[in-house]
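Chain by chain, the residues run as shown.
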Amino acid sequence: MSELYQNIMDEPSELIKSLRYNTGEGRAALSDAAELVRNADHVFITGIGSSWHAGMAIEGLFNASARPVHLVDASELLHFVEFPENAVVIMLSRSGKSVEIVELLARTQSKGTPVIAVTNTPDSPLGKSADVVLFLNAAFDKNVSITMYSALTLVGGLLAADSLGQLDDALLEGITEALTESEAQLQTWKEALDGNAFFEQQVPVYFLARGSSLATCHEARLLWEEAVKFPASAMMTGCFRHGPQEILNENV
């Protein structure tokens, strides 16, 4: 059994652990972070790599509830964006020590812009400098981001829901039920993929999605390139239809 496969199999239980922590022992921090978001005129969400993809899902939750936010890649936010007055930055980083994140902290501190850290490493530079820390409380993946991507999305989503007044028992029960059912289906999904001739070829792969699912679409593309070691593309379904669909043939 590969470490990657083991990380996938462990993911639902790790996410349930993260959910219980952030709605139990970590609930006060979640409430404090939600209050910062509610009181801000401008909300920035940032991260890099899989953390940025998690931010795409969180952005979708805010936008769907008429609360526009700014999602900016950490390297772009560092070099090309000025923080306005009464802004707050939600920084997503599993390690809390990515160079772009660390350098961003100096900028937020110079502007007096509060930072909410969503991280699995509270004692990291990000964790130590943030105004509020939301701890993922999940096991680190062995190599590429599996649980860490999903945990960032989960905890960031809890923050969005709390700040929007949508965090209730029904939502938490629904998330728990979905994770429990996913765990029960993992072996079935694996069996459906085993022996599929498609995966024996190296053919062009496009991942397509809409709405908040676009986050996982981009993360799937990243996983494909990191784990399969083969190029892939991620696009919005609508954009793919307007031109790139011309690439479609039996080998795609």
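This report concerns the structure included in the present document. None of these values were measured; they are calculated from a predicted model.

### Digging into the side chain of Thr113
Argument step 1. Positionally, Thr113 belongs in the loop between helix 5 (99-111) and strand 4 (115-119).
Argument step 2. Taking relative accessible area as the criterion, Thr113 reaches 7% and is therefore assigned buried.
Argument step 3. Residues in contact with Thr113, not counting those within four places in the same chain, are Phe83, Ala87, Val88, Val89, Thr108 and Asp131.

### Description of the packing of helix 1 (residues 3-22) against helix 7 (residues 147-163)
Helix-helix packing: each pair is described by the crossing angle between the helix axes and the interaxial distance.
Argument step 1. Where helix 1 meets helix 7, the axes come as close as 9 Å, and the angle between the chain directions of the two elements is 25 degrees. Comparing the axis directions of helix 1 and helix 7 gives the class roughly parallel. Here the hand of the crossing between helix 1 and helix 7 comes out right-handed. Of the residues in helix 7, those in contact with Asn7, Glu11, Glu14, Leu15, Ser18, Leu19 and Asn22 of helix 1 are Thr147, Ser150, Ala151, Leu154, Val155 and Leu158.
Argument step 2. The residue makeup of the contact of helix 1 with helix 7, split by class, is six nonpolar, five polar and two charged.

### Quick word on the nonpolar core
Argument step 1. Ile45, Ile90, Leu92, Ile116, Val118, Leu134 and Leu159 are the most contacted members of the largest nonpolar core, which totals 44 residues.
Argument step 2. Counting residues per element, this core draws most heavily on helix 7, which supplies ten residues.
Argument step 3. Grouped together as the second largest cluster of nonpolar side chains are 17 residues, Val72, Ala74, Phe83 and Ile101 included.

### Observations concerning the pairing of strand 4
Argument step 1. For strand 4, the buried fraction is high: five of the five residues fall into the buried class.
Argument step 2. Side chains Val115, Ala117 and Thr119 project from strand 4 onto one buried face, and the interleaved Ile116 and Val118 project onto a second face that is buried too.
Argument step 3. Bridge analysis of strand 3 (residues 87-92) against strand 4 gives four bridges, and the strand direction is parallel. Paired with Leu92 across the bridge in strand 4 is Val118.
Argument step 4. Following the backbone out of strand 3, through helix 5 and into the adjacent parallel strand 4, one traces a crossover that is right-handed.
Argument step 5. When strand 4 meets strand 5 (residues 132-135), the two strands line up parallel, connected through four bridges. The residue of strand 5 that forms the bridge with Ile116 is Val132.

About the cut-offs
Residues numbered from 1 in each chain as written. Predicted model: local features only at pLDDT ≥ 70, side-chain atom pairs only at ≥ 80, totals over all residues. Heavy atoms only, no water. Helix = DSSP H or I, 4+ residues; strand = E, 2+ residues; numbered from the N terminus. Buried < 20%, exposed > 50% of the residue type's maximum accessible area, 1.4 Å probe, protein only. Contact = heavy atoms within 4.5 Å. Axes fitted to C-alpha atoms, helices over the stretch in contact; angles between N-to-C directions. Parallel < 35°, antiparallel > 145°, perpendicular 65-115°, else oblique. Left-handed = near helix turned anticlockwise from the far one by under 90°. Nonpolar A, V, L, I, M, F, W, Y, C, P; charged D, E, K, R; others polar. Core = buried A, V, L, I, M, F, W, Y, C linked by side-chain atoms within 4.5 Å. Pairing = 2+ DSSP bridges. Right-handed = clockwise from strand over helix to strand, strands pointing away.

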